[in-house]
Protein chains: 2
Amino acid sequence: MINVAILGFGTVGGGVAELLEANRDRVAQAAGDRVRVKHILVRRDLPGSRYAELMTRDVGTILNDPEVSVVCEAMGGLDPALPYVRSTLEHGKSVATSNKELIDAHGPELAAIARAHGLSLLFEGSVAGGIPILSTIRDACAHERFDSAVGILNGTCNYVLTRMEREGLSLEEALRQAQENGYAERNPDADVQGHDTARKLAILASLLSGTRVSSDQVPCEGIMGLEAADLRLARALRCSLKLLGVCRLAPTGLSLRTAPYLVPAASPLYGVSDVYNGVLLHGSTLGDLTLCGRGAGRFPTASAVVSDVVQCARNRGRTVECGLTGRDAKLADASAAEVRNLIRVAPSEASLAREVFAGAEEVALDGDPQDSAFVTRPMTERRCGEALAKLSTLRSRIRLLEAGA
Amino acid sequence: MINVAILGFGTVGGGVAELLEANRDRVAQAAGDRVRVKHILVRRDLPGSRYAELMTRDVGTILNDPEVSVVCEAMGGLDPALPYVRSTLEHGKSVATSNKELIDAHGPELAAIARAHGLSLLFEGSVAGGIPILSTIRDACAHERFDSAVGILNGTCNYVLTRMEREGLSLEEALRQAQENGYAERNPDADVQGHDTARKLAILASLLSGTRVSSDQVPCEGIMGLEAADLRLARALRCSLKLLGVCRLAPTGLSLRTAPYLVPAASPLYGVSDVYNGVLLHGSTLGDLTLCGRGAGRFPTASAVVSDVVQCARNRGRTVECGLTGRDAKLADASAAEVRNLIRVAPSEASLAREVFAGAEEVALDGDPQDSAFVTRPMTERRCGEALAKLSTLRSRIRLLEAGA
Ligand SMILES: NC(=O)c1ccc[n+]([C@@H]2O[C@H](COP(=O)([O-])OP(=O)(O)OC[C@H]3O[C@@H](n4cnc5c(N)ncnc54)[C@H](OP(=O)(O)O)[C@@H]3O)[C@@H](O)[C@H]2O)c1
Ligand SMILES: NC(=O)c1ccc[n+]([C@@H]2O[C@H](COP(=O)([O-])OP(=O)(O)OC[C@H]3O[C@@H](n4cnc5c(N)ncnc54)[C@H](OP(=O)(O)O)[C@@H]3O)[C@@H](O)[C@H]2O)c1
């Protein structure tokens, strides 16, 4: 019998409890032993819950129960998640968490503690929810050298952009719809400003590079400021518009960026819509490998946490190497990266734009006299920034995702 | 040190040797130990090969070398692959193979021998080449109950259909192109008749159901007989045309089919083109999960074989459960399955078709007076077959893939 404790009984924590019950036999088969929830840490009474008997407000009950071998952290945030996860490991229990904030900020230290105790720290649910992207990198393709990862990692933003594209909504309207449908939080800042994507990208980049990457190293733009006109332009270019996390490994170092991108129709990420997430990996021998699925939600995320529990159970007595290290990342000079861009300005500045972006191609916008739009030649981020500074009516600048990555 | 032997030095076997060398450090890190090729079984001299020193024509050299712990079978076919793999296991060595014919026909027995000896029999390369679909089912999502798998599993057919769609080629022309580009074998029968897809589907279905499914239980149609007109019709319906392997698990049993399908634009498989493969799984908690990548080719397939070697190395002394069992599969009545169909007949039979497929919707074919086409209502396979028997000018009957699966 594998005894599990759950910290936090919200969307994900509750889902883990339910899933372990609903898929009991399958989980037992996968884990090689029955798995049961023995304790659930809460901070307020939840009278009437079927799990009421398992609930405790004292984390010590869990830490000091020698029968508990795996703890699922599903509280979110850093406090008290960080001290609790640390203590959990120090008390000899493996941890499965869906907390990207925690892993982004403290993953390497926690992984080191896990390793030192012969335990595991796993966090499949922290990136792209139900998509088993971390285990693909860590286990299934552990032998592969991946040189890039491009991901649609935030379901809220993808839902908003899909509504803007399909229904011509403004960003504010689409965001309101997302909130009404439960796809966006009351305060969606971390999503729409790109920070959530940057955190997940940093975790992916850490695993790909074997070095320590944190989200504050990721140049980050969100989707605020995008307008319906940008979606129309995307369509005119046979592209979709996606908030991406992009990571490339090159001998010069790691390139990282979170920003809206035009995704060409030939890309496997082009059609990943609504709340779906997708990650495109490129490996030296595998070539392109794409995984798409539900990036969030109670059960997909809980399923990821349970997959970590299963890995812990299968590997009792030894560490499942999670891939986080303390080695410093070698970052490439972001301003030297080459990129093509979609530039949208007021028609009054069309000729200036043509001048500062020499060689840019104008995008035909039939029936839209309010904007002028251009696709630039490949240019460095630095030169693009300098050119943009000369324009006073810039309405948008959106990067193009290059084919094949 | 993990000593590996390779049986067969062709496309895949040679790729395994190269990959183990090129990704040496990464493989060592993944496997927890260095991995080297100690022997390669050949049946003719390959003078000048860098690997000449490792070559042997005597399988006994490999079987009786106690240092060899994993054998990669990359000869293909059943003879001598079957006796060699059996002996290999009986001599206490794990096996990684890309041979779908072998696994389809004899997987359960071989898995039982492996289990009895505490060894592993793994075959990631046998289904969808570089896509880690088997390990996703077996490991990453072992706890998940998948109720369907739909796959584009044959790169040759997908390439042919993509050329027909994009360039309006006939099947024969597209197939010739595929052969010229090395994407189809001189004798492509197993591909275009669907048998290759059926074999891979049987392996997927075995893992999903935990029962023994073999390809002769899969109703199988290939792509022969498809015409450029069918691709035009697909486009008119905003669908792509794909050869699919479809497996559904229901309380009434397992439904299996290999056939060309119309795939709607909303499906994650819609855009999987050229030689790419894709598999769409549906899990009870995960929902839809799609994996796309290279389904064949030297390095993607070798990468899959190497991933199996890594799993064997990581789990020395115990069996990595491959998921094949001897339990009989419970098959649903295939003739009772409901499906919508695209029916194409000569215009002279349009009114008869309208009668026998009551309620079918006519597809507008501007400028194509040579065909009449209809999309039927959902109907059982049996009733559809009866209706088709009444038509004498049937040009094609293509199933529609229902959304959400
Ligand atoms: N929801 C998703 O789709 C999703 C997807 C991927 C990752 N995640 C991650 O999963 C984690 C949990 O997310 P969630 O959506 O499940 O959040 P949630 O619904 O807000 O649940 C968090 C739960 O933790 C409880 N909690 C907080 N501090 C606690 C403490 N000190 N002691 C005991 N319980 C405490 C909260 O209790 P109260 O009810 O009393 O506030 C709440 O029930 C986060 O890190 C999130 O980023 C979520
Ligand atoms: N190629 C792909 O993209 C791909 C993808 C997925 C799976 N697979 C599977 O992988 C397996 C190998 O395919 P492949 O493409 O590598 O075929 P291949 O290029 O024809 O290679 C097979 C090799 O095995 C050798 N061989 C056959 N019988 C032998 C024997 N008795 N003793 C020693 N060597 C023997 C052949 O030798 P000779 O050269 O003397 O004939 C040949 O070199 C097949 O099961 C295939 O279905 C292939």
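Residues numbered from 1 in each chain as written. Chains lettered and ligands numbered in written order. Predicted model: local features only at pLDDT ≥ 70, side-chain atom pairs only at ≥ 80, totals over all residues. Heavy atoms only, no water.

Going by this rule: UniProt positions are given in the numbering used here, feature names are shortened, and annotations may be inferred rather than shown by experiment.
Looking at an unreviewed UniProt entry, chain A carries the name Homoserine dehydrogenase, with the source organism given as Fretibacterium fastidiosum. In its Sequence similarities (unreviewed entry) section, UniProt records this for chain A: "Belongs to the homoserine dehydrogenase family."

1. Considering the site of ligand 2
Residue and element names in this part refer to chain B. For clarity, the cut-off: What makes a residue near a molecule or strand is one non-hydrogen atom of that residue sitting within 4 Å of it. Residues adjacent in sequence count toward polar contacts only when both atoms are side-chain atoms; beyond that, a polar contact is any pair of N or O atoms within 3.5 Å, and within protein one must be able to donate a hydrogen and the other to accept it. For this classification, Asp, Glu, Lys and Arg are treated as charged, while Ala, Val, Leu, Ile, Met, Phe, Trp, Tyr, Cys and Pro are nonpolar and the rest, including Gly, are polar.
Taken together, 20 residues lie around ligand 2, and Val12, Arg43, Arg44, Ser98 and Gly297 are the ones closest in. Within the contact set of ligand 2, an oxygen atom lies 2.8 Å away from a side-chain nitrogen or oxygen of arginine 43. With respect to ligand 2, the side chain of arginine 44 contributes an N or O atom lying 2.7 Å from an oxygen atom. When its residues are assigned to classes, the shell around ligand 2 shows eight nonpolar, nine polar and three charged.

2. Focus: the interface of chain A and chain B
Accessible area lost on assembly of the parts is the figure often given for the size of an interface. Our working definition: Note on contacts: a residue pair qualifies if any of its non-hydrogen atoms lie within 4.5 Å across the two residues. Buried area adds together the accessible area that both of two parts lose upon being put together, with accessible area traced by a 1.4 Å probe. We define a salt bridge as a contact between a side-chain nitrogen of Lys or Arg and a carboxyl oxygen of Asp or Glu at a distance within 4 Å. A run of DSSP states H or I qualifies as a helix once it reaches four residues; a run of E qualifies as a strand once it reaches two. Both are numbered from the N-terminal end.
Between chain A and chain B, the contact holds 42 residues from the first and 42 residues from the second. When the two sides are added together, the surface that chain A and chain B hide from each other amounts to roughly 3,200 Å², 48% of it contributed by carbon and sulfur. Of all residues in chain A, Arg26, His143 and Thr285 of chain A give up the largest surface area on contact with chain B, accounting jointly for 21% of the area buried on that side. Scanning the region where chain A abuts chain B turns up two salt bridges. The partner of aspartate 139 of chain A in a salt bridge is arginine 314 of chain B, and the shortest N-O contact between them spans 2.8 Å. Secondary structure elements with two or more residues in the side of chain A that touches chain B: helix 1 (11–22), helix 2 (24–31), helix 6 (133–140), helix 10 (195–209), strand 11 (287–294) and helix 12 (298–314) of chain A.

3. What about the sheet that holds strand 6 (residues 121–122) of chain B?
Residues and elements named next belong to chain B. In plain terms, the rule: In this analysis, strands are considered paired if DSSP registers two or more bridges between them. The axes are straight lines fitted to the C-alpha atoms, using for helices just the contacting stretch, and the angles between their N-to-C directions are given from 0 to 180°.
Taken together, six strands build an open sheet; the order of strands is 3-2-1-4-5-6 and the sheet is parallel. Two strands bound the open sheet, and with one partner strand each, they are strand 3 (55–56) and strand 6. Pairing geometry for strand 5 (residues 94–97) and strand 6, over two bridges, is parallel. Counterpart to alanine 96 in the pairing with strand 6 is leucine 122. Strands in contact with helix 4 (residues 81–90) are strand 1 (2–7), strand 2 (35–41), strand 4 (68–73), strand 5 and strand 6; relative to strand 5, the strand with the most contacts, it is inclined by about 150 degrees. Strand contacts of helix 12 (residues 298–314): strand 1, strand 2, strand 4, strand 5 and strand 6, with the helix running at about 160 degrees to strand 5, the strand carrying the most contacts.

4. Section: the site of ligand 1
Residue and element names in this part refer to chain A. To keep things clear, this is the line we draw: For the area figures, the Shrake-Rupley method with a 1.4 Å probe applies, and any residue is considered shielded solely by the protein chains shown.
Lining the immediate surroundings of ligand 1 are 20 residues, of which Val12, Arg43, Arg44, Ser98 and Gly297 lie closest. In this structure, arginine 44 approaches ligand 1 through a side-chain N or O atom, which is 2.7 Å from an oxygen atom. Glycine 297 places a polar main-chain atom, nitrogen or oxygen, 2.7 Å from an oxygen atom of ligand 1. Against a free-state accessible area of 890 Å², the protein chains account for coverage of 74% of ligand 1.

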